[in-house]
Amino acid sequence: MMKPRERIIGTLEHKEPDRVPIDMGSSVTSIHLEAYIRLKKYLGINKAKPRILDIMQQIVKIDEPVLQRFSVDTRHLHLKPVTGWKLLPNGDYVDEWGIKYKKPPNSHYYDMYEHPLANATLEDLDKYNWPDPDDPRRVEGLKEEAESIYNNTDYAIVLSGFSECLFGLPSWLRGHAQFYMDLLIDKKFATALLDRLLEYEIRLARNAFKAVGKYIQIVRVSDDLGTEQGPIISPSLYREIIKPRQKKLYQFIKEHSGAKLLLHSCGSVYELIPDFIEIGVDALNPIQVSARNMDTKKLKQEFGDKITFWGGGCDTQKVLPFGTIDEVKQEVKRRIKDLAPGGGFVFTPVHNIQYDVSPEKICALYDTALQFGKYPISL
């Protein structure tokens, strides 16, 4: 039986390991707080309050006993924001970028409602209170954590913290509609903002790799570029403005860490996958199977020898929350059959497991992957 680290490395190199590797808790593969509390109770695991990683999505850091229960091959390191999420007197939150969030009545999530650069001019970029990527608190304790996982376990280590770097974050700072207009009618401002963010991410990466570079196998970056129907912006506009800056960041990451690069990009990104491959993306998440042109069989046939599919293991919009346990199992087997042959597949559902998914379905999801993900695939 292979060790988790070599299993992950093997599949990233498009070799068939002994079984399909399993991930939980890294690139948008976590669980909503409410579902996680129920899962821990169902499994009889301690009831300590879960640590929330993302206030907006209400996702948690997965506890070690849960990871072991589902034979998860990865362990995760998270770069730390300096100030974290600050609770405001009115119950809202603000993050270190100055973006504000509130939870609507009866909602299970927080929504952004204030964007600090919404009305900014080019001159205002110099006045904005940019977070400091060189603050040592961002990597505090990270080296010791990485060293312990690397030396005392056989798990593959995923480093996260480069979130929505060059498309999502600027749209959060400006507001989505305003940033999309910037890309078309105020390119001088858009490129100035993006170049500031690129500098920030490179400095952040440099400090991270000084601390943990020799221990990690995968670096996770993210930029949601797709809707359910296609790319948010035209491929030509993406190639003109976003892609060159992604390429600089991705090359820096790969050259300075030696790790594989995992990109999270939701939605229908079929048209952009050749671009991702060209700029050094080794693995793509989440493989949103319900989106246009994201059929797993088609994707494997066209790109399976060039990029690893990290996700797509079960539809999380309809099948997982609303299907029967048998339908969940059939969905898992279908995706394994499509994506696993020849390696290049890490099993995890399409997106974070949401608040309304039962513990029984979560167990069926991962147990089916473990049972039917053995090589050679014979489904």
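The text that follows walks through the structure, step by step, so that each part is easy to find. (Residues numbered from 1 in each chain as written. Predicted model: local features only at pLDDT ≥ 70, side-chain atom pairs only at ≥ 80, totals over all residues. Heavy atoms only, no water.)

Right, let's talk about the side chain of lysine 361 for a bit. Following the sequence through the fold, lysine 361 ends up in helix H14 (residues 359-372). Buried charge lysine 361 goes without a salt bridge, the closest partner of opposite sign being glutamate 327 at 7.2 Å. From its side chain, lysine 361 meets the backbone oxygen of glycine 323 in a polar contact 2.7 Å long. Setting aside anything within four residues of it in sequence, one finds lysine 361 in contact with Leu320, Pro321, Phe322, Gly323, Ile325 and Val328. (Helix = DSSP H or I, 4+ residues; strand = E, 2+ residues; numbered from the N terminus. Buried < 20%, exposed > 50% of the residue type's maximum accessible area, 1.4 Å probe, protein only. Lys, Arg positive; Asp, Glu negative; His and termini not counted. Salt bridge = Lys/Arg side-chain N within 4 Å of Asp/Glu carboxyl O. Polar contact = N/O pair within 3.5 Å; in protein donor to acceptor, adjacent residues only side chain to side chain. Contact = heavy atoms within 4.5 Å.)

With that out of the way, let us pick up the sheet that holds strand S13 (residues 345-346). To summarise the sheet geometry, strands pair through backbone hydrogen bonds and adopt either a parallel or an antiparallel arrangement. In spatial order, the strands read S3-S8-S9-S10-S11-S12-S13; together these seven strands make up an open sheet with parallel pairing. In the strand order of this sheet, the two ends are held by strand S3 (74-78) and S13, each with one partner. In this structure, strand S12 (residues 308-310) lies alongside S13, joined through two bridges in parallel fashion. When the sheet's bridge partners are listed, phenylalanine 309 is paired in S13 with phenylalanine 345. (Pairing = 2+ DSSP bridges.)

A few words on the packing of helix H2 (residues 33-43) against H14. Interaxial distance between H2 and H14 falls to 9 Å at its minimum, and their mutual angle equals 80°. Between H2 and H14, the angle is such that the two are roughly perpendicular. In this structure, H2 contributes Arg38, Leu39, Tyr42 and Leu43 to the contact, and H14 contributes Pro359, Glu360, Ile362 and Cys363. The residue inventory of the contact of H2 with H14, partitioned by class, reads six nonpolar, no polar and two charged. (Axes fitted to C-alpha atoms, helices over the stretch in contact; angles between N-to-C directions. Parallel < 35°, antiparallel > 145°, perpendicular 65-115°, else oblique. Nonpolar A, V, L, I, M, F, W, Y, C, P; charged D, E, K, R; others polar.)

With antiparallel pairing, the four strands of this open sheet are ordered in space as S4-S5-S6-S7. The sheet is open, and its two edges are formed by strand S4 (86-87) and strand S7 (111-114), each paired on a single side.

In this section: the pattern of salt bridges. Applying the stated criterion to the full structure yields 26 salt bridges. A salt bridge links arginine 69 to aspartate 367; the nearest nitrogen and oxygen atoms lie 3.0 Å apart. Residue arginine 69 is found in helix H3 (residues 64-69), and its partner aspartate 367 is found in helix H14; the two are separated by 298 residues along the sequence. Of the residues examined, aspartate 367 reaches a relative accessible area of 31% and is grouped as partly exposed. The partner of aspartate 134 in a salt bridge is arginine 203, and the shortest N-O contact between them spans 2.4 Å. Within this pair, whereas aspartate 134 is found in the loop between helix H4 (124-127) and helix H5 (142-152), its partner arginine 203 is found in helix H8 (residues 187-212), the two being separated by 69 residues in sequence. Via salt bridges that share partners, Arg7, Asp18, Arg19 and Asp73 belong to a single interconnected network.

Inspection of every chain in the model, using the stated rule, returns 16 aromatic pairs. Plain terms: the ring middles of tyrosine 128 and tryptophan 130 are 4.8 Å apart, the flat faces sit at 85° to each other, and that makes the pair edge-to-face. Neither tyrosine 128 nor tryptophan 130 differs from the other in exposure class; each is buried. With a centroid separation of 5.9 Å and 70° between ring planes, the pair formed by phenylalanine 167 and phenylalanine 179 is classed as edge-to-face. Of the two residues, phenylalanine 167 is situated in the loop between strand S8 (156-162) and helix H6 (168-174) and phenylalanine 179 in helix H7 (residues 176-185); the sequence distance between them amounts to twelve residues. A relative accessible area of 1% means that phenylalanine 167 is categorised as buried. With a relative accessible area of 0%, phenylalanine 179 lands in the buried category. An aromatic cluster is built from Phe70, Phe345, Phe347 and Tyr366, whose rings are joined through pairwise contacts. The aromatic ring of tyrosine 155 is capped on one face by arginine 75, whose charged end is 3.5 Å from the ring centroid. A cation over a ring is seen here: lysine 333 above phenylalanine 372, with NZ or CZ 4.7 Å from the ring centre. (Phe/Tyr/Trp six-rings, centres within 6.5 Å; stacked < 30°, edge-to-face > 60°. Lys NZ or Arg CZ within 6 Å of the ring centre and 35° of its normal.)

In terms of burial, strand S9 (residues 218-222) is a largely internal element, five of the five residues being buried. The two faces of S9 match: Ile218, Arg220 and Ser222 on one face and Val219 and Val221 on the other face are all buried. As paired elements, S8 and S9 share three bridges and run parallel to each other. Residue pairing for S9: valine 158 is matched across the bridge by isoleucine 218. In this sheet, strand S10 (residues 260-264) lies alongside S9 in parallel orientation, the contact comprising five bridges. Residue pairing across strands places isoleucine 218 opposite lysine 260, the latter belonging to S10.

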